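Here's the letter readout for the chains.
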Amino acid sequence: MSVKLSDALLKSVEKPSRYTGNEWNSVIKDPKSVDIRFAFCFPDSYEVGMSHLGMKILYHLLNERNDCYCERVFAPWTDMEEKMRQNSIPLYGLESKDPIRDFDFVGFTLQYEMSFTNIINMLDLAGIPLTSDKRSDSDSFVCAGGPCAYNPEPLADIIDFFMMGEGEEIINEVMDAYAKWKGTGRSRQEFLEDIAKIEGIYVPAFYDVSYNEDGTISSFEPKKPDYPVKIKKRIIKDMDKAYFPEKIIVPYTDIVHDRIMLEVFRGCTRGCRFCQAGFIYRPVREKSHKRLLELANKLEESSGYEEISLTSLSTSDYTELHELTTGLLDEMEEKKVNLSLPSLRIDSFSLDLMEKAQKVRKSGLTFAPEAGTQRLRDVINKGVTEEDLINAVSLAFNGGWNGVKLYFMLGLPTETMEDVEGIADLAYKVVNAYKNVPREKKGKGLNVTVSTSSFVPKAFTPFQWEPQDSREILNEKQMFLKSKIRSKQVTYNYHENRLSLLEAVFARGDRKTCKVLLKAWEMGCKFDSWGEHFKFDVWMKAFEECGVAPYFYATRKREYEELLPWDHIDIGVSKKYLINESKKALEGKITPNCRVNCGGCGATIFDSGICGGN
Amino acid sequence: MSIIRVKFKRGDEVKFISHLDLMKVFERAIRRARLPIAYSQGFNPHPGMVFGLPLGVGVTSEAEYGDFEITDDEMSPQEFADRLNLQLPKGIEVLSAKKKVSKQNIMATIAASEYIVIVGTPAESSQKTLKAAIDKYLSQEEIVVKKRTKNGVKDTDIRGMIFDLNFELQPCGTFNIIRFTALVSAGSKANLKPDLLIESLCGYLGIEYEIDRIHRTKLFVRSQDQLLDPMEEVV
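What you see is a predicted model; the values in this text were computed from it and never measured.

### Notes on the overall build of chain B
(1) Moving on: A count of helices and strands for chain B gives 6 helices and 11 strands.
(2) Moving on: A principal-axis box enclosing the C-alpha atoms of chain B has dimensions of 60 × 35 × 35 Å.
(3) Moving on: Burial statistics for chain B: of 235 residues in total, 32% are counted as buried.

### Remarks on the overall build of chain A
(1) Moving on: Counting its secondary structure elements, chain A contains 20 helices and 19 strands.
(2) Moving on: A compact globule built from 614 residues should have a C-alpha radius of gyration of about 25 Å, and chain A, at 25 Å, falls within 12% of that.
(3) Moving on: Relative to its 614 residues, chain A shows a buried fraction of 48%.
(4) Moving on: Contacts in chain A between residues at least 24 apart in sequence constitute 77% of all its contacts with a sequence separation of at least 6.

### What about the nonpolar core?
Residues and elements named next belong to chain A.
(1) Moving on: The biggest cluster of nonpolar side chains holds 177 residues, and the ones touching the most others in it are Ala39, Phe40, Val106, Cys143, Tyr150, Phe162 and Ala427.
(2) Moving on: Take this core: its biggest share by element is 8 residues, from helix α14 (residues 417-435).
(3) Moving on: If we ignore the near neighbours within four places in the chain, the residues touching Cys143 are Phe105, Gly107, Ile159, Asp160, Phe161, Phe162 and Met163.

### A short note on the pairing of strand β18 (residues 490-494) of chain A
Residues and elements named next belong to chain A.
(1) Moving on: Here 5 bridges tie strand β17 (residues 447-454) to β18, and the two strands are oriented parallel to one another. Note that in β18 the partner of Val450 across the bridge is Tyr492.
(2) Moving on: Once you follow β17 into helix α15 (residues 471-484) and on to β18, the crossover reads as right-handed.

### Some points on the sheet that holds strand β15 (residues 364-370) of chain A
Residues and elements named next belong to chain A.
(1) Moving on: The strand order across the open sheet built from 4 strands is β15-β16-β17-β18, with neighbouring strands paired in parallel fashion. Of all the strands in the sheet, the pair left with one neighbour each is β15 and β18. Going from strand to strand, the sheet's axes swing by 20° on average, the running direction of each strand aside.
(2) Moving on: Judged from the 5 bridges that link them, β15 and strand β16 (residues 403-410) form a sheet pairing that is parallel. Looking at the pairing, Leu365 lines up with Val404 of β16.

### Digging into the packing of helix α13 (residues 386-398) of chain A against α14(A)
All names here are of chain A.
(1) Moving on: Close contact between α13 and α14 brings their axes to 9 Å; oriented N to C, the two are set at 35°. For α13 against α14, the interelement crossing comes out right-handed. Touching Glu386, Ile390, Val393, Ser394 and Phe397 of α13 are Leu426, Lys429, Val430, Ala433 and Tyr434, all from α14.
(2) Moving on: When its residues are assigned to classes, the contact of α13 with α14 shows 7 nonpolar, 1 polar and 2 charged.

### Quick notes on α15(A)
Side chains three or four residues apart in an α-helix point the same way, a direct result of the helix having 3.6 residues per turn.
Residues and elements named next belong to chain A.
(1) Moving on: With 14 residues, α15 extends 20 Å from end C-alpha to end C-alpha; this agrees with the ideal 20 Å at 1.5 Å per step.
(2) Moving on: Listed as buried for α15 are Leu474, Lys477 and Leu481. Viewed end-on, α15 has its buried residues packed into an arc of 60°, placing them on one side of the element. The exposed residues of α15 that point more than 90 degrees off its buried face are Glu472, Met479 and Ser483.

### Digging into unusual backbone geometry
Residues and elements named next belong to chain A.
(1) Moving on: Residues Arg282 and Pro283 are joined by a peptide bond in cis, for which omega reads -5°.
(2) Moving on: Its location among the elements puts Pro283 in the loop between α8 (277-280) and β12 (285-286).
(3) Moving on: The backbone of Lys15 sits at a positive phi, close to 40°, despite the residue not being glycine.
(4) Moving on: The topology assignment puts Lys15 in the loop between α1 (7-11) and β1 (36-42).

### Focus on the interface of chain A and chain B
In many analyses, interface size is given as the accessible surface area lost on bringing the parts together.
(1) Moving on: Contact residues are listed per partner, giving 21 residues for chain A and 18 residues for chain B.
(2) Moving on: Every element with two or more residues in the side of chain A that touches chain B is listed here: α1 and α9 (289-303) of chain A.

### Topic: the confidence of the model for chain B
All names here are of chain B.
(1) Moving on: In the predicted model, chain B carries a mean pLDDT of 92, and the fraction of residues at 70 or more is 99%.
(2) Moving on: Across chain B, helix α2 (residues 77-87) holds the top mean pLDDT of 98, while helix α3 (residues 106-109) sits lowest at 83.
(3) Moving on: For this predicted complex, the interface confidence reaches an ipTM of 0.90, while the overall pTM sits at 0.95.

### Some details on the domain arrangement of chain A
(1) Moving on: Taken as a whole, chain A is organised into domain 1 (7-232), domain 2 (236-358 + 577-614) and domain 3 (361-495).
(2) Moving on: Relative placement of domain 1 of chain A and domain 3 of chain A: their C-alpha centres are 39 Å apart.

Conventions and cut-offs
Residues numbered from 1 in each chain as written. Chains lettered and ligands numbered in written order. Predicted model: local features only at pLDDT ≥ 70, side-chain atom pairs only at ≥ 80, totals over all residues. Helix = DSSP H or I, 4+ residues; strand = E, 2+ residues; numbered from the N terminus. Buried ≥ 20, exposed ≤ 12 C-beta atoms within 10 Å, placed from the backbone. Rg over C-alpha atoms; globule rule 2.2 N^0.38 Å. Contact = placed C-beta atoms within 7 Å. Core = buried A, V, L, I, M, F, W, Y, C linked by C-beta atoms within 7 Å. Pairing = 2+ DSSP bridges. Right-handed = clockwise from strand over helix to strand, strands pointing away. Axes fitted to C-alpha atoms, helices over the stretch in contact; angles between N-to-C directions. Left-handed = near helix turned anticlockwise from the far one by under 90°. Nonpolar A, V, L, I, M, F, W, Y, C, P; charged D, E, K, R; others polar. Expected span 1.5 Å × (residues − 1). Arc of directions from axis to C-beta. pLDDT = per-residue confidence, 0-100. Domains from an automatic or database assignment.

Structure follows, in structure tokens:
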């Protein structure tokens, strides 16, 4: 029975079309015609979740199966949640409006740590027991995947099973196993045992963890010998053959990325040491420009979108970028489709390309030097020099651009006040570069924006052992930098570092942090990544009540010998390599791009992409 | 260049999308249908589309109008409508299309709109007593309501904006279902929202009420002091 949403209720909430579905290309099936019902949940608002490419892929992939009906579920905004609770309306699938507690699977995509309380809130709204041990045979299986699943431990009590790595194949294997299991009368436990044999499946309840007196982990053991000791992530070997939908949902209401997203490649060869994506998505695997042009045409035709965006971690590194952009510009111009090109390194080729692609005002260009001095950029292996940056901005200023955004991180390992001051120096050098451009060539009125975020050490990076700066030190650095930037042409913005502290806890948290999540939710925390809903003091109280110290996770330096909460997950990059990179970082030694020289990280075991000899 | 005037409906499936979002729906449907829409010049080219009168959130309609400027003078309105219909989401459907000859812009000429408003009230009045009360309501020289405008709440006399008001009463257990048919001012000069009229009327009658649904049945343009169907006006 589907839920009843009255007109009066929908009229009383903001943007009701977030809750009514029926968008173009959404998939409607007869629930009676399928064996498996899957609720694909994004633990944030509709606008954020609908912008996520992974969901678009897996939603259509699951719906290609005749035996499966996949529906979308987003976190209702607080006004809608209040109405739903008042009227006893359980969380429902957007397509059928059926309560998701009746579905076979409730799957969450984990894109950022600060969405974890929304997962709990959504389970509660659905009427599904919050923790695995409370669920019985009649309850849905709660599963999860996505980048934050690589350290699954903070959610170990909540999620029945995780899918590690890229989902296109593994999710089908799980569905096949479920189709076989369903109706046999075998137990919930037995299904989990079945799928634990699938490479990439992690069932947290199948493992015992014990701790040392100092709170670190002493052992992590499978409860039975046939459960895997290491869970290997899955990857798609051939991106041209990988499933990609030819239709995507076109929402009614404005979403964050309201355009066609063309995924150019996965992975990144640059090896920036702070960047988790740069390690977990190895090896780099590209789609051919021919396949991308074919997809672009089909998606444009089926969606009517007026903009295509190329997405990847570093689009300038794409081998066939020239062929692809020439082809897209040729075909899309007459269709009046704009090409948007984020994450392009600024050089004469890309500036020329942007000029051709986007008939927009030459306002802002974005650069991410990440650190203020060459020494620190070498520590983090950000292969950008001051000369590179000044050359690039000079080119841009000569081409008429007059706005530059510069992104940095504060609190990187080994950072000193000299490095912080280097950020201001770099901003002034950009201002000087503008002054050196002949008046007739440059745009009027320079605007340089310096933004700093606080460094969050992540699992599976060479910095996974590093402490995060305390909030006191981060505040001091922010204030110091503020005092150093006094030009009218430079604006300084810094991110809230209280959120960064919590991110640092859950990015490297163990199973003990799970009860803090539950407690914080119980005390009213949700939508934590939305400033207006973030309740830092409540979080601190939750830590206190659970007897868990946030600093143990955020600001503690770990030894290489320590058993880390995520050590049982195998991303293909060896721990030995990460230790080696960590040591090189502290010595300020850089590691070249994988395309130049194989660093021996271990990802060759996948025998694919640039590691496959291509 | 020629302009095609289209009459379309908006059903329950799409009654919660905003006017701005509706324009995007048409823009993308036109692109999918590969219709030869004309685009404006400049940095952000806009498709040549003008719509009649925005519909309130939650309101359905069988009388929505839009003017579409196309670059192919040979294309028949029927072909335009058929191709567009294949690409419109459930709930939006083109009912008819005609080539527009008059110079009038649909948005500027809208003058009146007819709505059906279904209201639930406690079963206190009969058809007869209600008729008398409504006649008395309408016989007032002025009917002042608090109208929300851009500059805050303003007292506005709406008597002149009510052209016609009929109703049917249907007892339904402890409830009366009243089905109002209201012809009211619409457009940029004077616009009376049906829920505001019902609020004013029920306030005057002193009855509790709940609006169950609002549905637009007709939209009129003014041409030489006459109210005309927008599809008639074009020829």
